[in-house]
Amino acid sequence: MLQKLINFFSKTIISISLIITTFSASAIDEVNVYSYRQAFLVEPLFEQFTKQSGIKVNVVFAKKGMAERLAREGQYSPADILLTTDISRLIELRDRDLLQANNAEVLIDAIPSQYRSTDNTWFALTTRVRNIYSSKRLGDINISYEDLADSQYKGRICTRSGKHPYTVALVASMIAEHGETKTLAWLESFKANLARKPQGNDRGQVQAIHQNLCDISLGNSYYFGKMLKDKNQKVWADGVNINFPNQNNRGAHVNISGIGLAKHSPNLDNAKALMAFLVSKPAQQLYAETNMEYPVRPGVAPSKLVASWGDFKADTLSLETIAKNRKLALKLIDKARFDL
Amino acid sequence: MTKIVKNKRGRKALLRSPIYITSLLLMIPVLVMLAAGVSVSTDLFSHLWQTVLPDYIANTLLLGVFVVILSIIFGVISAALIVHTNIKGKAVLRWLLMLPLAMPAYLVAYLYTDLFDYAGPVQRTMRAWFQWQSPSDYVFFDIRTLGGASIIIALVLFPYIYMLARTAFEQQDQNLLRVSRLLGLSATQSFYKVALPLARPAIAVAASLVLMETLADFATVQYFAVNTLTTAIYDTWLGYSDLAAANALASVLMLFIFFTLVIEQRARAGQAHQSNRINKNHQLINLSISAQFFASSFCWLLAIAGFILPFILLVIMAWQHSNFEQFLLLVPTGINSIEIAVWAASLTTILAMLFTLFKRLTTGKWRSLPMQISGFGYAIPGTVLAMAMLSTFAPIDYFINDIAHLLGLKRPGLLLSGSIFAIIFAYIVRFAAIANGTIDSGIKQIPKSLDYAPASLGASLIKTLTKIHIPLLKSSIWVAWLLVFVEAMKELPAVLLLRPFNYETLSTHIYQLISDEMLEQGALGAIFIVLLGLLPIVWLNQHKNDSHNNNTEEQP
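Residues numbered from 1 in each chain as written. Chains lettered and ligands numbered in written order. Predicted model: local features only at pLDDT ≥ 70, side-chain atom pairs only at ≥ 80, totals over all residues.

A. Expanded view of the overall build of chain B. If you tally the helices and strands in chain B, you get 23 helices and 2 strands. Expressed as lengths along the three principal axes of its C-alpha atoms, the size of chain B is roughly 75 × 65 × 55 Å. In chain B, buried positions account for 50% of the 556 residues. In chain B, of all internal contacts separated by at least 6 residues, the share reaching a separation of at least 24 is 84%. (Helix = DSSP H or I, 4+ residues; strand = E, 2+ residues; numbered from the N terminus. Buried ≥ 20, exposed ≤ 12 C-beta atoms within 10 Å, placed from the backbone. Contact = placed C-beta atoms within 7 Å.)

This is the structure we're talking about:
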């Protein structure tokens, strides 16, 4: 019994000292990324960066709570860079004072002003459109987000949860355009048109269209490319048209994946180097191509596949304005009991 | 009747404070959570209450009730069949019924929703066979409902009840049943009137574990498009960015569970039985041919639905999408998972022994307090717990850094909150309930006379514990260790948030892929989790088999 206790304590002491030693200074040059994107999506890019600069990139991926973690860690946080898949996360990080400004010219020159914050704390890296997928059974249509509430589609629309950041961002843009009351009415009619309770993800809705459960769904643009590349999902994508809504008026709703510099970044120079790399032309091309998104840097063409979906007009409403309506959007979604 | 520890005043004081302090340490995250919820504003709450909260609460209650009832049905019936009847294939079914535990719930949820969805293979095949074109042409159950979620979750969690009920049935004094038979009751009646009530404490403990696990779950339930109180917690926290409201809701959830547990404990207060010489020779009930058929079907259906079918689906996916090289790459990840799980399992088991033995061997109104309060962590959703960990340890880390700076040393950074220490602590807080419950129901089977009989023969407290209680508790200790190990292997939300750089576990690995619709690529990692969870289960079964084989006799 005593022997066991001694064994236990010595192991504890050894483990603790091991933990401590892992925090001793390492000689390698590195930069630490907290990412809302899966590591394997950004890995090709980071490998390229390491090859070029010799700086190692460490990534931690989590879908929820990274901002909280960052806030708690405070000045001792090892994070240098924050990578997000959505505008709302970036705004949240900025509002909680977790980011610092990066005024590097190369960033300001590379990114149009509507895709970065006014105080240079966050920057978009790629853009993606919230498309409306329509079944080829309907033929070619010219559809807008407002049409989702139209009774002609009753019982024929599938969508993911109303609480998902992509949906919330869309509703926020509707509020910016139409105001609170009209958007609530739109949400309620939209809900009445649903074929089933909101469930699954964007690709799952296209699958449902393929199975004739519905004819219309909302989805991000890059999923179209991902489905075409997947041997099981290609048949779903072949059955739908990818529509860019609201081309007759304000343009299609656009969201971004973006990046911010952590306030207490321990490897500041490396972090800035990484950010500069990510907005460079070859990196923009690689990033956009890997994930089938639209590069944010003007003059960089999207991949052939993405370009084949057509040119489109994007909603030029500033993302900051849209993000301001986020909480109100959530309230309206709750009021309309969209998910229930 | 004197209790051992009361003898020497000094010893009594020595034992008590460390134990109370340890249990309080485990309570800290809960307290942090409660404190953070105090500053909640009523605005958001009234908005939620007017819109969605009543539905969420209703769903939560219904889900809890359905899952508990279903898993009790699944677990108690199968345990009874295995222990008390001559069901065919018993040797295999014995451990097969434990296996669903090795399957992460979110994985089973994913596999089954894909399987039974409108667009899934089952319905597609049916439509192809019968030429149905659209959903209005036929009736098929919708798996993405409260009912569907309840069944799936019950399938994954019933092994808790199965294992604890089975242990209870096996450890019961069979003389009681023989007496009941002598008094004229049939074998089945004896079971219902004697064996089942005697096992009630164990079943109740397991049921409370199942309830807490169900209510704290988010990922599985979200996948079924069922919105519960945890949905509200995540919405307020991540959507409305109102941490106070999120913590307040989590506290409400915990209070609800607390009251359920108190009510359940009151209901079985006063129930206790012990005999000095336990007869474990079971007389098996003979089943008729039709009864055999139903019994076997029932047990095999559970095993297939809960484990075999999902496992086969995973193997098929891994076969089509992975190779051996990827398997080798997963080995370091697997080692990380094992490392954390072993730490968590060992520490929770040791603590559970301390708390339960303390409760048993001491007097005083508050002796069961350490055990009970250390168990609350199970009801906290994983991500909320992770947040509480950070809130607790980051300030301590700050303090350590300040001291280091004062002493002129290099600042060590986030020693506690930024290393696997936080993860292991989180797991201990979260899984203490499992170990406590298991060992406590095991300890109840030890006759009270064994507490002080050795003292009358001159044995010290330590000797009594090591030579009498702990050997008798062996199977409970191993079951407790095993349950926590398996749970720690599967756990996802807390480790996802707390892990340091370049530290992946199997669950975080497959989560990356699942969350991007790439389960096929993640199947290999999933199989790895399941196999590593299986190993202790199988080993445990072997170990128990040897001692158990001596105890059964067939009815002549």
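The rest of the description comes next.
B. How the structure looks around the overall build of chain A. When its secondary structure is counted, chain A shows 15 helices and 10 strands. On C-alpha atoms alone, chain A measures out to a radius of gyration of 22 Å, which is about the 20 Å that the 2.2 N^0.38 rule sets for 340 residues. Counting only C-alpha atoms, chain A reaches 75 × 60 × 40 Å along its principal axes. Across the 340 residues in chain A, those meeting the buried criterion constitute 50%. Of the contacts formed within chain A by residues at least 6 apart in sequence, a portion of 79% connects residues at least 24 apart. (Rg over C-alpha atoms; globule rule 2.2 N^0.38 Å.)

C. How the structure looks around helix α11 (residues 229-239) of chain B. Residue and element names in this part refer to chain B. Where burial is concerned, most of α11 is hidden: 11 out of the 11 residues are buried. Those residues of α11 not exposed but buried are Leu-229, Thr-230, Thr-231, Ala-232, Ile-233, Tyr-234, Asp-235, Thr-236, Trp-237, Leu-238 and Gly-239. Positioned one or two residues after α11, Ser-241 has a phi angle of 55°, which is positive.

D. Seen up close, the nonpolar core. Of all hydrophobic cores here, the largest spans 278 residues; its most connected members are B:Ile161, B:Ala165, B:Ala206, B:Ala344, B:Ala426, B:Phe431 and B:Val484. Ignoring any residue separated from it by four or fewer positions in sequence, one finds B:Ile161 in contact with B:Ser71, B:Ile72, B:Gly75, B:Val76, B:Ile203, B:Ala206, B:Ala207 and B:Val210. (Core = buried A, V, L, I, M, F, W, Y, C linked by C-beta atoms within 7 Å.)

E. View of the pairing of strand β9 (residues 254-262) of chain A. Residues and elements named next belong to chain A. A large share of β9 lies buried, amounting to 9 of its 9 residues. Two elements, strand β3 (residues 81-84) and β9, share 4 bridges in a ladder whose sense is antiparallel. When the bridges of β9 are listed, Leu-83 appears paired with Ile-259. Bridge count between strand β4 (residues 99-100) and β9: 2 bridges; the pairing is antiparallel. In the sheet register, Leu-99 faces β9, and the bridge partner there is Ala-262. With 7 bridges connecting them, strand β5 (residues 122-135) and β9 associate as antiparallel partners. When the sheet's bridge partners are listed, Phe-123 is paired in β9 with Ile-259. (Pairing = 2+ DSSP bridges.)

F. Region of interest: the domain arrangement of chain B. Residue and element names in this part refer to chain B. According to the domain assignment, chain B contains domain 1 (62-269 + 276-288) and domain 2 (340-502 + 527-544). A C-alpha centroid distance of 24 Å is found between domain 1 and domain 2. Contacts between the two partners involve 31 residues from domain 1 and, on the opposite side, 29 residues from domain 2. Mapped by element, the contributors of at least two residues to the side of domain 1 that touches domain 2 are α4 (90-96), α7 (146-171), α9 (187-216), α11 and α12 (243-267). If one sorts the elements of the side of domain 1 that touches domain 2 by residue count, α9 sits on top with 8 residues. Among the residues forming the side of domain 1 that touches domain 2, the class breakdown is 25 nonpolar, 4 polar and 2 charged. (Domains from an automatic or database assignment. Nonpolar A, V, L, I, M, F, W, Y, C, P; charged D, E, K, R; others polar.)

G. A look at the domain arrangement of chain A. Residues and elements named next belong to chain A. One can read the domain layout of chain A as domain 1 (29-127 + 254-307) and domain 2 (130-253 + 314-335). For domain 1 and domain 2, the distance between their C-alpha centres works out to 26 Å. In this complex, domain 1 contributes 15 residues to the contact, which on the side of domain 2 involves 19 residues. At the level of elements, α4 (87-95), β9 and α13 (304-307) are the ones that each hand at least two residues to the side of domain 1 that touches domain 2.

H. Representation of the pairing of β3(A) in the model. Residue and element names in this part refer to chain A. Of the two faces of β3, the one carrying Ile-81 and Leu-83 and the one carrying Leu-82 and Thr-84 are both buried. In the sheet, strand β1 (residues 30-35) pairs with β3 via 3 bridges, with the strands oriented parallel. Bridging across to β3, Tyr-34 finds its partner in Leu-82.

I. Here's a closer look at the environment of A:Ile28. Residues and elements named next belong to chain A. You can see Ile-28 is positioned in the loop between α1 (2-21) and β1. Accessibility expressed as a C-beta count within 10 Å gives 7 for Ile-28, which makes it exposed. Each C-alpha atom, one on Ile-28 and one on Leu-340, is 52 Å from the other, the two residues being 312 residues apart in sequence.

J. Focus on the environment of B:Ile400. Residue and element names in this part refer to chain B. With respect to the secondary-structure elements, Ile-400 resides in helix α16 (residues 382-406). Measuring from C-alpha to C-alpha, the distance between Ile-400 and Leu-249 comes to 32 Å, with 151 residues separating the pair along the chain. Among residues more than four places away in sequence, those in contact with Ile-400 are Pro-412 and Leu-415.

K. Spotlight on the confidence of the model for chain A. Residues and elements named next belong to chain A. In this model, chain A carries an average pLDDT of 88, and 92% of its residues clear a pLDDT of 70 or more. α1 is the least confidently modelled element of chain A, averaging 61 in pLDDT, while helix α7 (residues 180-192) averages 95, the highest of any element. Residue range residues 21-25 is modelled with pLDDT below 50. Its contacts to residues more than four positions away, or to other chains, number 3 contacts. (pLDDT = per-residue confidence, 0-100.)

L. Main features of the interface of chain B and chain A. Listed as interface residues are 45 residues of chain B and, on the opposing side, 43 residues of chain A. Secondary-structure elements contributing two or more residues to the side of chain B that touches chain A are α2 (42-51), α11, α16, α19 (461-472) and α21 (493-498) of chain B. Looking at the side of chain B that touches chain A residue by residue, the class counts come to 20 nonpolar, 18 polar and 7 charged.

M. Representation of the confidence of the model for chain B in the model. Residue and element names in this part refer to chain B. Averaged over every residue, the pLDDT of chain B is 82; residues scoring 70 or more account for 92%. Helix α3 (residues 53-84) holds the highest mean pLDDT among the elements of chain B, 92, whereas strand β2 (residues 552-553) holds the lowest, 39. Counted against residues more than four places away or in other chains, residues 1-11, with its pLDDT under 50, gives 18 contacts. Under a pLDDT of 50 for its full length, residues 547-556 has, in the predicted model, 13 contacts with residues more than four places off or in other chains. Across the predicted assembly, pTM comes out at 0.82 and ipTM at 0.76.

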